[in-house]
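Reading the structure
Given next are the chains, with one letter for each unit.
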Amino acid sequence: HTSMTCTQVEKVRLGGDLHLSQIVYGVWTWETILAEERQALFDACLRHNITSFDNADIYGGYNNNESLFGEVLSHSTNASRESLQIISKTGICLHHTNRPEHKIKFYNNDESFIVQSARTSADNMRCGYLDLFLLHRPDPLMDPKAVSKAFDFLQREGLVRHFGVSNFTPSQYRMLSSYLPPSVPSLVTNQIKMSPAHVSALFDGSLDMMMEARVRPMVYSPLRVLFGKDAHEDLVSYLRTICSEIRDRISSSSLPLPSSSSLSTTSTTTSSIDIDTVALAWLMRHPSGPLPVIGTSKPHRVATAADATLLVPHIDRQTWFKILQAERGHEVA
């Protein structure tokens, strides 16, 4: 792959004036890999112009993965702080040895908790400020006035540039939006679960709400059930068929494609398109413009994810509906 062109992922507007790379890298498994592997993944992201990194206070068991990311950042000579977009989340309280006061798992979106979490996250990641800070889950006891005060304080202190939510329903998103202070013009995203094997967001109003609010969704677990022991076998085999269909179509098309890692058609015998590339392109084909958050621990899969940005124009309407039909097991009504 080294002699080939690296697919460069473009920046797109998420919401407000925040721009993220079209693919976001999530570090939720970093506690399971070695320091040199973490460095290799960070470098692979930068090679493909993936500059947006998604974290959370609970990843790796309280502040662990944030600190691991901070180590990589502090040793990095090829990225300025301003060139990166660093994201974290708060609000889930785990029953964990690092938090003996937590007797059960619960949610906390209180003002003081939000403020302290943002401070701790920025300190752990040694990044000075967060480009984006999300409420990880809707808290039934959340007082939107208290959240508004926390957001206002963090914005004025320069600790957080933009705010969003994760796993919120459309009504929860609208409700919190209506309480935002003047210093925070709008929420800039709702990070939701979606993949070709988990499509409820298409039908429950989540993506409609994002388009109404003129912001893009971030999508976590975008490749769920394509790999591993709980793989959706029918969907996976169907995606493989579609991969070869698209490869044949690209070979005979006039659409320009750089000879990147997995979309190169210079040699018909060796060229192939990975199913994760097609799965991500299927997600990104939606008009809400989802930004997938990938969590791979393999640098070569960072490359196949980057290639998805090139593949989106090749996911025509019938191909898109074929993948939807494979997941649902029946054609549309």
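Focus on the confidence of the model for the protein chain
Looking at the protein chain as a whole, its pLDDT mean stands at 90, while 93% of the residues score no less than 70. Scored below 50 in pLDDT, residues 264-270 makes seven contacts in the model with residues more than four places away or belonging to other chains.

Here's the deal with the nonpolar core
Core analysis: the biggest nonpolar cluster contains 86 residues, and Trp 30, Phe 42 and Val 278 have the highest contact counts within it. In terms of residue count, the dominant contributor to this core is helix α8 (residues 275-284) (eight residues). For Val 278, the contacting residues outside a window of four places in its chain are Leu 239, Ile 242, Cys 243, Ile 246, Ile 273, Leu 311, Ile 315 and Ile 323. Leu 18, Leu 20, Met 218 and Val 293 belong to the second-largest nonpolar core, a separate cluster that totals 12 residues.

Brief notes about the sheet that holds strand β3 (residues 24-26)
If you walk around this closed barrel you meet the eight strands as β3-β4-β5-β8-β9-β10-β11-β12, and the pairing is parallel. Across this sheet, the average inter-strand angle for adjacent strands is 30°, counted without regard to direction. Where strand β9 (residues 160-166) and strand β10 (residues 190-193) come together, two bridges link them in parallel fashion. Considered in β10, the bridge of Val 165 is made with Asn 190.

Brief notes about unusual backbone geometry
Of note in the backbone geometry, Asn 167 takes a positive phi value of approximately 65° without being a glycine. Within the secondary structure, Asn 167 is located in the loop between β9 and α5 (170-177).

Notes on the pattern of salt bridges
In total, this model carries nine salt bridges according to the counting rule given. Arg 156 serves as the salt-bridge partner of Asp 152, at 2.9 Å between the closest nitrogen and oxygen. In this pair, Asp 152 and Arg 156 are both assigned in helix α4 (residues 144-156), four residues apart and thus about one turn of the helix distant. A salt bridge links Arg 249 to Asp 316, with the nearest nitrogen and oxygen atoms 3.8 Å apart. Taken as a pair, Arg 249 in helix α7 (residues 233-251) and Asp 316 in the loop between α9 (299-311) and α10 (317-328) lie far apart in primary sequence, 67 residues in all. Residue Asp 316 is classed as partly exposed on the basis of its relative accessible area, which comes to 34%.

A look at the packing of aromatic side chains
All chains considered together, the criterion is met by 10 aromatic pairs. Note on Trp 28 and Tyr 59: the rings are 6.3 Å apart at their centroids and 70° apart in plane angle, and the pair reads as edge-to-face. Of the two residues, Trp 28 sits in the loop between β3 and α1 (35-47) while Tyr 59 sits in the loop between β4 (52-54) and α2 (64-75), which places them 31 residues apart along the sequence. Aromatic side chains Phe 42 and Phe 69 sit 6.1 Å apart centroid to centroid with 75° between the ring planes, which places their arrangement in the edge-to-face category. In this pair, Phe 42 is assigned in helix α1 and Phe 69 in helix α2, connecting sequence segments 27 residues apart. You can call Phe 42 buried: its relative accessible area is 0%. Site record: aromatic cluster; members linked through ring pairs are Tyr 25, Trp 30, Phe 42, Phe 53 and Phe 69. Above the plane of the ring of Tyr 129 lies Arg 81, whose end atom (NZ or CZ) is 3.9 Å from the centre.

Things to note about the packing of α5 against helix α6 (residues 206-213)
Here α5 crosses α6 at 30°, and the two axes come no closer than 9 Å. Taken together, the axis directions place α5 and α6 in an arrangement best described as roughly parallel. Of α6, the residues touching α5 (which contributes Pro 170, Tyr 173 and Arg 174) are Ser 206, Met 209, Met 210, Glu 212 and Ala 213. Of the residues contributing to the contact of α5 with α6, the split by class is five nonpolar, one polar and two charged.

Definitions and cut-offs
- Residues numbered from 1 in each chain as written.
- Predicted model: local features only at pLDDT ≥ 70, side-chain atom pairs only at ≥ 80, totals over all residues.
- Heavy atoms only, no water.
- pLDDT = per-residue confidence, 0-100.
- Contact = heavy atoms within 4.5 Å.
- Core = buried A, V, L, I, M, F, W, Y, C linked by side-chain atoms within 4.5 Å.
- Buried < 20%, exposed > 50% of the residue type's maximum accessible area, 1.4 Å probe, protein only.
- Helix = DSSP H or I, 4+ residues; strand = E, 2+ residues; numbered from the N terminus.
- Pairing = 2+ DSSP bridges.
- Axes fitted to C-alpha atoms, helices over the stretch in contact; angles between N-to-C directions.
- Salt bridge = Lys/Arg side-chain N within 4 Å of Asp/Glu carboxyl O.
- Phe/Tyr/Trp six-rings, centres within 6.5 Å; stacked < 30°, edge-to-face > 60°.
- Lys NZ or Arg CZ within 6 Å of the ring centre and 35° of its normal.
- Parallel < 35°, antiparallel > 145°, perpendicular 65-115°, else oblique.
- Nonpolar A, V, L, I, M, F, W, Y, C, P; charged D, E, K, R; others polar.

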